[in-house]
Amino acid sequence: MKDFFTITNAADGASKVDEEIETEADRQQRKFDECHGKNDDMVNMMMSQYMLAALMDFDKMDYEQVKEISRECAFTGMNGISVSGDKTYTLKAFPSKKFSGYEFLAYYYVSWAIAEPEHLLDTGLPFHKAYSMARQMWEKRK
(Lines give C-alpha, C1' and ligand atoms only; values in the text may rest on other atoms or scores of the structure.)
Protein backbone atom coordinates (compact mmCIF):
# COMPACT_ATOMS: atom_id res chain seq x y z
CA MET A 1 0.00 0.00 0.00
CA LYS A 2 2.91 2.35 0.68
CA ASP A 3 3.65 2.39 -3.06
CA PHE A 4 0.24 3.87 -3.80
CA PHE A 5 -0.49 6.44 -1.09
CA THR A 6 0.99 9.55 0.49
CA ILE A 7 -0.52 11.80 3.12
CA THR A 8 -0.80 15.50 2.43
CA ASN A 9 -1.16 18.12 5.12
CA ALA A 10 -4.22 20.10 4.00
CA ALA A 11 -3.01 23.31 5.64
CA ASP A 12 0.20 23.77 3.65
CA GLY A 13 0.05 21.05 0.99
CA ALA A 14 3.27 19.41 2.22
CA SER A 15 3.28 15.63 1.94
CA LYS A 16 4.64 13.10 4.39
CA VAL A 17 6.36 9.92 3.36
CA ASP A 18 4.35 6.84 4.21
CA GLU A 19 7.18 5.40 6.32
CA GLU A 20 6.15 8.02 8.88
CA ILE A 21 2.73 6.40 9.26
CA GLU A 22 2.72 4.11 12.26
CA THR A 23 0.26 1.46 13.23
CA GLU A 24 -0.82 1.33 16.86
CA ALA A 25 1.39 -1.75 17.32
CA ASP A 26 4.36 0.16 15.90
CA ARG A 27 3.65 3.11 18.21
CA GLN A 28 3.52 0.89 21.29
CA GLN A 29 6.71 -0.89 20.27
CA ARG A 30 8.50 2.44 19.58
CA LYS A 31 7.53 3.79 23.02
CA PHE A 32 8.80 0.60 24.64
CA ASP A 33 12.06 0.77 22.68
CA GLU A 34 12.57 4.41 23.68
CA CYS A 35 12.09 3.57 27.37
CA HIS A 36 14.48 0.64 27.31
CA GLY A 37 17.14 2.21 25.09
CA LYS A 38 20.00 -0.12 24.26
CA ASN A 39 18.48 -2.88 26.38
CA ASP A 40 15.49 -3.37 24.07
CA ASP A 41 17.17 -6.23 22.16
CA MET A 42 18.01 -7.97 25.42
CA VAL A 43 14.46 -7.46 26.74
CA ASN A 44 12.96 -8.69 23.47
CA MET A 45 15.15 -11.81 23.56
CA MET A 46 14.21 -12.49 27.19
CA MET A 47 10.52 -11.90 26.45
CA SER A 48 10.63 -14.14 23.40
CA GLN A 49 11.98 -16.98 25.57
CA TYR A 50 9.20 -16.46 28.13
CA MET A 51 6.68 -16.32 25.29
CA LEU A 52 8.01 -19.54 23.82
CA ALA A 53 7.44 -21.20 27.20
CA ALA A 54 3.91 -19.77 27.24
CA LEU A 55 3.23 -21.11 23.74
CA MET A 56 4.41 -24.54 24.88
CA ASP A 57 2.19 -24.42 27.97
CA PHE A 58 -0.84 -23.15 26.06
CA ASP A 59 -0.41 -25.79 23.37
CA LYS A 60 -1.47 -28.35 26.01
CA MET A 61 -4.69 -26.44 26.73
CA ASP A 62 -7.94 -25.87 24.91
CA TYR A 63 -9.11 -22.46 23.74
CA GLU A 64 -11.41 -21.87 26.74
CA GLN A 65 -8.60 -22.50 29.21
CA VAL A 66 -6.33 -20.02 27.42
CA LYS A 67 -9.18 -17.50 27.26
CA GLU A 68 -9.68 -17.83 31.02
CA ILE A 69 -5.96 -17.19 31.56
CA SER A 70 -6.13 -14.11 29.33
CA ARG A 71 -8.92 -12.68 31.45
CA GLU A 72 -7.14 -13.51 34.70
CA CYS A 73 -4.02 -11.75 33.38
CA ALA A 74 -6.05 -8.70 32.41
CA PHE A 75 -7.70 -8.56 35.81
CA THR A 76 -4.33 -8.83 37.56
CA GLY A 77 -2.84 -6.28 35.19
CA MET A 78 -5.43 -3.68 36.15
CA ASN A 79 -3.38 -3.09 39.32
CA GLY A 80 -0.15 -2.82 37.36
CA ILE A 81 2.65 -5.31 36.87
CA SER A 82 6.05 -4.59 38.34
CA VAL A 83 9.01 -5.74 36.26
CA SER A 84 11.58 -4.68 38.83
CA GLY A 85 12.15 -6.08 42.27
CA ASP A 86 11.11 -9.39 43.72
CA LYS A 87 7.33 -9.16 43.24
CA THR A 88 5.87 -12.34 41.78
CA TYR A 89 2.50 -13.23 40.27
CA THR A 90 0.44 -16.41 40.06
CA LEU A 91 -2.10 -17.85 37.67
CA LYS A 92 -4.74 -20.39 38.68
CA ALA A 93 -3.81 -22.62 35.74
CA PHE A 94 -0.26 -22.94 37.13
CA PRO A 95 -0.78 -23.04 40.91
CA SER A 96 2.76 -24.02 41.87
CA LYS A 97 4.47 -21.49 39.59
CA LYS A 98 5.53 -17.97 40.58
CA PHE A 99 5.97 -15.58 37.64
CA SER A 100 8.35 -12.63 37.56
CA GLY A 101 6.87 -9.41 36.18
CA TYR A 102 8.27 -9.90 32.69
CA GLU A 103 7.34 -13.58 32.66
CA PHE A 104 3.78 -12.73 33.68
CA LEU A 105 3.58 -10.10 30.92
CA ALA A 106 4.76 -12.71 28.41
CA TYR A 107 1.98 -15.10 29.42
CA TYR A 108 -0.46 -12.18 29.40
CA TYR A 109 0.52 -11.19 25.86
CA VAL A 110 0.54 -14.73 24.45
CA SER A 111 -2.79 -15.63 26.05
CA TRP A 112 -4.38 -12.59 24.40
CA ALA A 113 -2.67 -13.30 21.08
CA ILE A 114 -4.31 -16.74 21.12
CA ALA A 115 -7.68 -16.06 22.77
CA GLU A 116 -8.43 -12.45 21.82
CA PRO A 117 -6.19 -11.52 18.86
CA GLU A 118 -8.61 -8.84 17.67
CA HIS A 119 -8.15 -7.07 21.03
CA LEU A 120 -4.42 -7.65 21.46
CA LEU A 121 -3.58 -3.98 20.92
CA ASP A 122 -6.09 -3.04 23.62
CA THR A 123 -3.76 -4.59 26.20
CA GLY A 124 -1.22 -1.86 25.55
CA LEU A 125 1.58 -4.41 25.84
CA PRO A 126 4.46 -3.49 23.50
CA PHE A 127 5.91 -6.91 22.86
CA HIS A 128 5.18 -7.35 19.15
CA LYS A 129 8.83 -8.00 18.23
CA ALA A 130 9.29 -10.52 21.03
CA TYR A 131 6.11 -12.35 20.08
CA SER A 132 7.16 -12.51 16.45
CA MET A 133 10.50 -14.02 17.51
CA ALA A 134 8.74 -16.52 19.80
CA ARG A 135 6.34 -17.57 17.04
CA GLN A 136 9.27 -18.16 14.68
CA MET A 137 11.01 -20.34 17.28
CA TRP A 138 7.73 -22.15 17.97
CA GLU A 139 7.16 -22.89 14.28
CA LYS A 140 10.68 -24.29 13.94
CA ARG A 141 9.99 -26.71 16.81
CA LYS A 142 7.08 -28.34 15.01
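Residues numbered from 1 in each chain as written. Predicted model: local features only at pLDDT ≥ 70, side-chain atom pairs only at ≥ 80, totals over all residues. Heavy atoms only, no water.

Draft legend 1. Structural context of the environment of Ser-70. Position of Ser-70 relative to the elements: it lies in helix α3 (residues 63-77). You can call Ser-70 buried: its relative accessible area is 0%. With residues near it in sequence (within four places) discarded, Ser-70 still touches Ser-111, Trp-112, Ala-115 and Glu-116. (Helix = DSSP H or I, 4+ residues; strand = E, 2+ residues; numbered from the N terminus. Buried < 20%, exposed > 50% of the residue type's maximum accessible area, 1.4 Å probe, protein only. Contact = heavy atoms within 4.5 Å.)

Draft legend 2. Local environment of the packing of helix α2 (residues 40-59) against helix α5 (residues 128-141). Running from N to C, α2 and α5 cross one another at 50 degrees; their axes reach a closest spacing of 7 Å. When the interaxial angle is binned, α2 and α5 end up oblique. Crossing of α2 over α5 shows right-handed handedness. Across the interface between the two elements, Asp-40, Asn-44, Met-45, Met-47, Ser-48, Gln-49, Met-51, Leu-52, Leu-55, Met-56 and Asp-59 of α2 pack against Lys-129, Ala-130, Tyr-131, Met-133, Ala-134, Arg-135, Met-137, Trp-138 and Arg-141 of α5. In terms of residue class, the contact of α2 with α5 is made up of 12 nonpolar, 3 polar and 5 charged. (Axes fitted to C-alpha atoms, helices over the stretch in contact; angles between N-to-C directions. Parallel < 35°, antiparallel > 145°, perpendicular 65-115°, else oblique. Left-handed = near helix turned anticlockwise from the far one by under 90°. Nonpolar A, V, L, I, M, F, W, Y, C, P; charged D, E, K, R; others polar.)

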